[in-house]
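Summary of structural features
One letter stands for each residue in the lines below.
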Amino acid sequence: SETLEERQHNLVEHCLSYIGDLKGKDLLEVGCGNGLNCHYIDLRHETGKIVGIDLNNANLDLARMNHKHSKVSFIQDDAQELLSIPDHSIDVIICIESAFHYPDKNAFFQQIKRVLRQEGVFLIVDIIRSPGNNGKSWWFWNKRKLFFHANEEEYHRYSSDNSLIFKQTENITDRIIRGYEGHLSWI
């Protein structure tokens, strides 16, 4: 009986449960899309500032139109460069269902290391490819986008190569699929 938006909120809450208390912490969402997650986090958690970045200006226009809180900002930037984010300025970085669009994930992880504060937390939720798959696929519903999937071993390497400590992995595929039931026309 939940809407697709409520299902997305459930995913965000599940992800944030790994981070702990967000009170007063500055948060960056990489690949924020239309800003829905930033908006939700702002309403439900007592964070410091929230910054959403996305490469697509049309997404950011929607985000800005739908959310005008002074502590939330939306900026056009590339996840592999993060030119608008100062060094060691962010407590929590989240990247939910976006990294599979980034062709150079090691560059992305280098930027995460650069902008994250000493005791900061980075949470990534991504579609993981199976071993033996080359990581590039054209998906049937949108032939215009090239997706760059990585496998779990590669994510561990990106973390260790950038002095990030990989703490936990969870496979939530079955719950994601259940979350989209009844909304296949959207996919």
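Coordinates for the structure precede this section.
These remarks concern the structure in this document.

For Ser98, the position within the fold is in the loop between β4 (90-96) and α4 (105-115). You can call Ser98 buried: its relative accessible area is 7%. The residues touching Ser98, leaving out its near neighbours within four places in the chain, are Val30, Gly31 and Val125.

All right, on to the packing of aromatic side chains then. Considering all chains together, one arrives at 7 aromatic pairs under this definition. Summarising the aromatic geometry, the rings of Phe108 and Phe122 are spaced 5.8 Å apart at their centres and angled 80° between planes, so their arrangement reads as edge-to-face. Separated by 14 residues along the polypeptide, Phe108 in helix α4 and Phe122 in strand β5 (residues 116-125) bring together distant segments of the chain. By the burial criterion, Phe108 is buried, and Phe122 matches it. Between Phe109 and Tyr155, the ring centres sit 5.8 Å apart and the planes meet at 45°, which makes this aromatic pair tilted. With Phe109 in helix α4 and Tyr155 in helix α5 (residues 152-161), this pair connects stretches of sequence that are 46 residues apart.

Of the two faces of strand β1 (residues 27-30), both are covered, the one formed by Leu27 and Glu29 as well as the one formed by Leu28 and Val30. By the bridge criterion, 4 bridges tie β1 to strand β2 (residues 50-54) in an arrangement that is parallel. In the strand pairing of β2, Leu28 is matched with Val51. Following the chain from β1 across helix α2 (residues 36-44) to the adjacent parallel β2, one finds a crossover that is right-handed.

What follows deals with the sheet that holds strand β3 (residues 72-76). With parallel pairing, 5 strands are arranged side by side in an open sheet as β3-β2-β1-β4-β5. Each end of this open sheet is capped by a strand with a single partner; those strands are β3 and β5. Strand-to-strand twist of the sheet, defined as the mean angle between neighbouring strand axes without regard to direction, takes the value 20°. Sheet strands in contact with helix α3 (residues 57-66) are β2 and β3, and its direction is about 165° off that of β3.

Within β2, 5 of the 5 residues are buried, which leaves the element mostly enclosed by the surrounding structure. Judged by which residues are buried, β2 turns out to be covered on both faces: Ile50, Gly52 and Asp54 on one side and Val51 and Ile53 on the other are all buried. In this structure, β2 lies alongside β3, joined through 5 bridges in parallel fashion. Looking at the pairing, Asp54 lines up with Gln76 of β3. For the segment spanning β2, α3 and β3, crossover handedness is right-handed.

A few words on the pattern of salt bridges. Enumeration over the complete set of coordinates arrives at 6 salt bridges. Note that Lys23 is salt-bridged to Glu46, the shortest N-O span being 3.7 Å. A residue pair is termed long-range when its members are at least 10 positions apart, and Lys23 in the loop between α1 (4-16) and β1 and Glu46 in the loop between α2 and β2 qualify at 23 residues. Of the charged contacts, one joins Arg117 and Asp91 as a salt bridge, the two residues approaching to 2.8 Å between their closest N and O atoms. On the criterion of sequence distance, the pair formed by Arg117 in strand β5 and Asp91 in strand β4 is long-range, its members being 26 residues apart. For Arg117, a relative accessible area of 30% corresponds to the partly exposed category.

Criteria and thresholds
Residues numbered from 1 in each chain as written. Predicted model: local features only at pLDDT ≥ 70, side-chain atom pairs only at ≥ 80, totals over all residues. Heavy atoms only, no water. Helix = DSSP H or I, 4+ residues; strand = E, 2+ residues; numbered from the N terminus. Buried < 20%, exposed > 50% of the residue type's maximum accessible area, 1.4 Å probe, protein only. Contact = heavy atoms within 4.5 Å. Phe/Tyr/Trp six-rings, centres within 6.5 Å; stacked < 30°, edge-to-face > 60°. Pairing = 2+ DSSP bridges. Right-handed = clockwise from strand over helix to strand, strands pointing away. Axes fitted to C-alpha atoms, helices over the stretch in contact; angles between N-to-C directions. Salt bridge = Lys/Arg side-chain N within 4 Å of Asp/Glu carboxyl O.

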